[in-house]
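Letter by letter, the chains look like this.
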Amino acid sequence: MLAPFEIHEPATVSEAVDMLTHYDEDASIYAGGTELLLIMKEGLVHYPHLVNIKTIPQMDAIRLGIDEQRLKIGAQATHRQVEQSSLVQEHIPLLSEAAAQIGNLRVRTTGTIGGNLCFAEPHSDPATLLLACGASLDLSGTNGVRTVPIEDFFTGLFETARKPDEILLAISVPILPVGSGSAYSKFSIHARPTATVAVILHMQDSIIDSARVALGSVGPTPVRVVQAEEILRGEKPGDELFAAAAAHAQAATDAVDDIYGSAAYKAHLAQVLTQRALEQAATRAGAGDRVH
Amino acid sequence: MSSTRVLGSNVPRVDGRAKVTGQAKFAGDLVVPGMLHGKVLRSYLPHARIVGIDTSAAERLRGVVAVLTGQDILELKNYMYGHAIKDRPIIAFDRVRFVGEPVAAVAAEDAHTAHAALELIEIEYEDLPVVATLGDSLADDALQLHDMSALRAGLFHGLGEFQVGPGNVCYHHDFERGDTASIFSKADIVVEGEYTFPAVYQYAMEPHTVIAEYDSDQITVWASCQHPFLVRAELADLFELPLANVRVVVPYLGGGFGSKSYTKMEPLTVALARKADCPVRIANRVDEAMVTTRRHNMKCWLRTAASAAGVLLAREVRIWLDTGAYADNGPRVVATAADAAPGPYRWQALKVDAWGLYTNTAPAGSYRAFGATHLAWIGESQVDEIARRVGVDRVQIRVNNLLRPGEEVRPGGKPLDADLVNDIRTIAKHLDWHAPKAPDTGRGLGISLLAAGAHPVSTAIVRLEADGTATLLMSSTEMGQGVRTVFSQLVAQELALPIECIRVPGGDTQKTPYDRSTGASRSTTLGGTAVQRAAQDVRKQLLAAAAEVWDVAPEAIELREGMLWHADQSLTYPELFLRYFGLAGGEIVGQGRVQPTGEGQGSYATGPVFWEVCIGGAEVRVDRDTGRVTVNKLVSVADVGQALNPQLVEAQEMGGAMQGLGNALFEEMLYDNGQLLNSTLLDYHVPSIKDLPERFISSLVENEDGPGPYGAKGVGEGSLAGVPAAIVNALGELGIPMTELPLTPERVWRSLND
Amino acid sequence: MIVSTEVKTIDLRLRVNGKEVAASIEPCALLLDFLRDQLGLKGAKRSCDVQVCGTCTILLDGAPVSGCCTLAYEAHNRSVITIEGLTQNGILHPIQQAFLDASAVQCGFCTSGMVLTVKSLLAQYPQPTTAQIKAYLDGNLCRCTGYWNILTAVRQAAQVMASTGALSP
């Protein structure tokens with residue numbers, strides 16, 4: 001049951017920003033609504049004014065950046081669009097794989113990647129994965145357009161660096177160079193996962209020359225395991241190395257006991273999933289010229 | 001005898017087309033003219049005194065027609081209900097005993113208004129100490145949740161002398177034979193353990209929905225209820241009306257599984273309709289349904305004694321079941337759990353004590369295979385452990401100790417009516433018991449018995465019309481199991497009619513005759529027997545009419561393909577009616593009934609009606625690093641006497657097995673001091689298609705050893721209870737002992753690392 | 001909050017099961033309630049209310065959405081298919097027939113949503129693998145059947161639809 005509200009239909013980003021500014025706390029951005037309508041139905045929040053940004057054209061476009069070094073994913077691309085985009089599948093296949101695992105088919109049909117990131121649910125799949133990818137987010141508000149690196153975007157539980165008058169326009173994701181291998185591992189019992197791990201490796205002459213490891217669901221925000229990345233860099237892939245990296249992942253969790261599992265178990269899972277993801281990513285990286 | 005073989009064939013569901021086209025009506029699809037929208041305000045505290053309720057602002061809201069509180073029900077002479085124990089008020093009046101207990105209810109012209117009105121109701125509570133767990137409830141200084149001296153037996157207590165207490169004991173059931181103490185002190189092998197079983201939510205996908213109308217001295221209720229006649233009796237008692245003045249109409253149910261058994265939301269909805277003087281609909285949300293009923297959580301201490309050769313000698317059990325704030329079907333669950341605890345073995349001595357305890361959580365009631373699901377995994381895991389210690393194969397130890405058909409299961413009860421040895425061997429065969437296994441793979445099986453059938457009273461009426469069609473009036477609730485289809489088959493068989501000529505409307509206590517209940521796997525066996533007898537009654541009258549018309553003996557007449565035959569003569573049923581009644585009209589009405597002093601095959605006077613075989617086998621793989629259990633294969637046996645519709649039997653087996661899988665692997669209601677933490681499906685995982693095991697095999701066993709039509713017995717619960725036992729035992733084979741369900745990855749991981 | 005006595009409504013124009021429909025709705029109206037209560041199409045059901053169970057599945061421009069969490073407003077100028085739209089001239093859609101033949105219906109409460117999701121599955125993958133079927137149907141719960149017969153029904157429907165080139169997906 002939803003309490004009554006008005007729906008506004010901006011034609012441009014600028015109009016939308018004006019509406020958000022005008023209605024202030026009484027307004028919310030409304031895109032897919034998969035998270036928003038749920039919490040409104042439960043009576044946790046109420047917004048008398050919904051700013052429907054789906055009426056702004058082209059906000060779901062997925063395209064290659066001008067420099068062809070990155071993919072620009074419109075914030076309003078649905079998870080399904082991300083999953084099925086041939087550009088994503090070609091250049092950052094992990095993003096497509098992960099998008100296919102979000103929620104269920106109906107959630108993927110309606111929910112947007114931007115909405116998911118802005119809601120900042122600690123179990124968010126895209127958040128964890130994009131952190132590993134080193135993405136950046138383009139925001140537009142009354143003070144103009146700015147770009148926020150994803151490392152700075154998630155500031156706390158359900159909190160982001162987005163200001164109330166800002167709209168997320170697009171997510172910029174660096175394209176993985178040849179010789180990259182990635183893996184996304186999600187361990188779930190309930191609808192939301194207990195632990196998620198995203199790993200991206202790049203190998204050159206059988207040596208790992210870059211590594212990014214991100215954990216999700218095991219803290220208030222996704223985190224990068226910088227210590228793991230450091231010991232991986234410059235090394236040959238191997239069980240002992242991965243075990244050592246995984247141990248850092250375990251230590252990097254900031255989990256609590258809850259219905260998804262105890263903190264100790266989540267930390268343990270972070271270690272197991274990281275080890276497995278590293279193995280998988282290394283295999284994919286070592287598989288030749290193809291990006292995995 | 002009819003040559004049309006309708007029974008034993010996979011006749012398509014008679015309600016299939018309606019359901020697959022979205023035409024089948026459930027309670028929430030019905031519209032009663034003038035119907036108001038009802039919403040319930042529920043307590044957010046687990047235990048509190050109600051100091052005061054102010055509904056004035058809510059009542060003033062435009063569109064609100066009535067607000068009901070406890071004060072309104074106190075004007076009734078009877079305002080307490082509960083089929084076993086009358087411990088439940090229609091709505092809380094002096095205190096609340098669980099989070100979710102209804103405290104006020106609003107009837108309004110539209111749903112928005114009803115919802116808004118709830119927020120205007122002000123309630124002042126005074127916290128009371130919370131009895132959150134079994135431990136709290138059992139404590140010496142535990143606060144008593146009910147004034148035991150004021151409690152009365154419910155209309156359908158059915159468990160002997162009524163007694164409650166001491167302390168928070170809602171019901172105690174015990175039995176003993178032989179000398180357990182002596183045997184345990186001398187036995188070569190004793191296995192002992194403490195076990196924990198979770199609260200689980202039945203999740204019938206349609207939540208409880210009731211429309212009630214109170215019109216001077218008539219109550220009409222359209223409800224998603226499994227037992228309309230028991231609900232009728234309780235409503236008549238509460239509102240002091242003759243039974244015939246209370247009408248309970250049951251549309252299709254979107255699942256039941258026990259969650260809609262006995263009385264749930266009906267009294268509250270009727271009370272609200274009475275105050276509003278208008279029909280009112282109350283529909284639970286799923287989170288409300290989860291605090292309306294659930295499966296009992298349980299602690300159990302069990303030990304088994306055996307000889308060095310693997311002969312089972314004695315078992316001693318103590319069971320504590322958490323029945324929540326109100327009894328609901330708690331007493332029966334306690335008794336059935338006690339009965340199931342020994343398992344289907346020969347014992348020299350037994351000692352079983354089972355208690356149902358009140359706590360400040362939502363009331364627990366029936367859920368498919370209660371009792372057996374609670375205990376089978378425990379007793380069976382100990383049998384496996386004994387097998388390991390004596391070095392006997394786990395199938396063989398069971399073969400050596402299982403009861404045989406005809407042997408006594410419990411003193412005074414019906415002897416065993418199933419070939420359990422054959423059943424267990426069938427399970428082992430389908431598990432490829434002796435075949436080599438992949439690493440980290442375990443196989444296990446478990447067997448138990450459920451006292452099935454509940455109370456054997458069912459009635460049916462068949463009306464044969466002048467156009468050759470028949471209407472079957474019966475009150476078994478169609479909740480997916482296919483009862484309308486199987487019963488149509490029985491009528492079709494007796495009257496040599498095509499299935500399409502038989503109409504089976506839904507239960508309506510004003511129109512369809514008495515059936516005690518739909519549950520406990522009883523419908524085919526009991527309702528079906530009543531239906532068969534009613535059809536046979538029509539058949540007899542039909543033959544007699546034709547005998548008169550043809551002036552021959554009835555024995556010389558045959559029914560075949562919707563016609564009567566004698567020598568070279570034949571008449572369609574319409575032609576007979578024309579000749580016999582003298583017009584294109586008239587009717588032949590037959591009735592049939594089953595009651596405890598029935599005659600014929602399988603007396604119903606001795607309980608249980610039959611012993612349902614609860615059996616399962618599983619092959620699982622364990623990921624030792626995460627504790628995740630993957631089920632490669634589930635195996636079951638449907639020992640049903642006679643499968644009147646094999647496809648529907650198999651359907652019950654598959655559905656039950658997946659519910660068992662959920663109960664075994666991940667379903668668990670989590671509480672914190674009486675607060676349910678996971679009250680939506682986001683946080684309570686119900687098996688999805690991705691949880692399917694790689695293979696499922698169910699074998700049909702038809703030994704015609706049941707008291708139902710053509711030797712049938714019931715089905716539906718056995719496959720559920722078998723799954724936790726099978727999986728626990730598969731893990732046991734891998735050296736992973738589990739004493740707590742569900743077998744979440746974390747629990748398995750902890751067991752591996754302890 | 002007090003419900004405002006003055007509620008602004010929106011004019012909705014959409015196609016429902018192939019027919020043009022014009023209606024007046026409140027902005028906050030949910031698609032499920034609009035279809036059930038305003039249009040009388042009761043086939044879609046409300047169960048979990050949190051987009052997990054799938055009983056409220058509706059096809060919006062051919063894609064499955066949760067009616068319980070979709071605003072009716074979103075259906076403006078779009079096409080909606082409900083279970084009631086599948087039967088043509090009294091003839092069951094092959095998916096409906098397959099569900100009956102494979103005994104994939106018990107209580108029927110999940111059936112509307114399940115059948116519609118299968119329709120969208122077969123439109124994308126006319127010969128789906130088991131993995132594809134599971135990925136599509138993971139969001140449609142069934143508490144009665146245990147899913148096996150639903151898998152059979154999907155494969156049977158796929159076969160029938162492929163061989164007859166039957167009704168457009």
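Residues numbered from 1 in each chain as written. Chains lettered and ligands numbered in written order. Predicted model: local features only at pLDDT ≥ 70, side-chain atom pairs only at ≥ 80, totals over all residues. Heavy atoms only, no water.

Student: Would you take a moment to explain the interface of chain C and chain B for this structure?
Tutor: One widely used convention gives an interface's size as the accessible area the parts lose upon coming together. Taken together, the 51 residues of chain C in the interface contact 54 residues of chain B. Here chain C and chain B share an interface that buries about 4,300 Å² over both sides, 63% of which is from carbon and sulfur atoms. Our enumeration of links across chain C and chain B arrives at 4 salt bridges. Here B:Lys690 makes a salt bridge to C:Asp138, at a shortest N to O gap of 3.9 Å. For the interface between chain C and chain B, the tally reads 19 residue pairs in polar contact (both at pLDDT 80 or more). When residues of the side of chain C that touches chain B are traced back to their parent elements, those giving at least two are helix H2 (94-101), helix H3 (111-124), helix H4 (130-137) and helix H5 (148-164) of chain C. Sort the elements by how many residues they give to the side of chain C that touches chain B and H2(C) lands first, with 4 residues. A class-by-class count of the residues in the side of chain C that touches chain B yields 26 nonpolar, 15 polar and 10 charged. (Contact = heavy atoms within 4.5 Å. Buried area = accessible area lost by both parts, 1.4 Å probe. Salt bridge = Lys/Arg side-chain N within 4 Å of Asp/Glu carboxyl O. Polar contact = N/O pair within 3.5 Å; in protein donor to acceptor, adjacent residues only side chain to side chain. Helix = DSSP H or I, 4+ residues; strand = E, 2+ residues; numbered from the N terminus. Nonpolar A, V, L, I, M, F, W, Y, C, P; charged D, E, K, R; others polar.)

Student: Hey, could you run me through the domain arrangement of chain A in this one?
Tutor: All names here are of chain A. Taken domain by domain, chain A consists of domain 1 (6-53), domain 2 (63-174) and domain 3 (180-284). Each of domain 2 and domain 3 was reduced to a C-alpha centroid, and the two centroids are 20 Å apart. Counting from both sides, the interface comprises 21 residues of domain 2 and, opposite them, 23 residues of domain 3. Considering only the side of domain 2, the residues that lose the most area to domain 3 are His 123, Thr 128 and Ala 132, jointly responsible for 33% of the buried surface there. On inspection of domain 2 and its partner domain 3, the count reaches 5 salt bridges. In this structure, Glu 97 and Arg 284 form a salt bridge, with 3.5 Å as the shortest nitrogen-oxygen distance. At the junction of domain 2 and domain 3, the tally comes to 10 residue pairs in polar contact (both at pLDDT 80 or more). Of all the elements in the fold, those that place two or more residues in the side of domain 2 that touches domain 3 are helix H5 (93-99), helix H8 (125-133) and strand S8 (154-156). Per-element tally for the side of domain 2 that touches domain 3: the top contributor is H8, with 7 residues. Of the residues that constitute the side of domain 2 that touches domain 3, the class distribution is 11 nonpolar, 6 polar and 4 charged. (Domains from an automatic or database assignment.)

Student: How should I be thinking about a nonpolar patch on the surface in this particular structure?
Tutor: Side chains of B:Tyr580, B:Phe581 and B:Leu583 sit close together on the surface and give an oily, nonpolar patch of about 260 Å² of accessible area. On the secondary structure map, B:Phe581 appears in helix H16 (residues 573-581). (Patch = residues over 30% accessible without salt bridge, like charges linked within 9 Å, V, L, I, M, F, W, Y side chains within 5 Å. Areas by Shrake-Rupley, 256 points an atom, 1.4 Å probe, with all protein chains shown as cover.)

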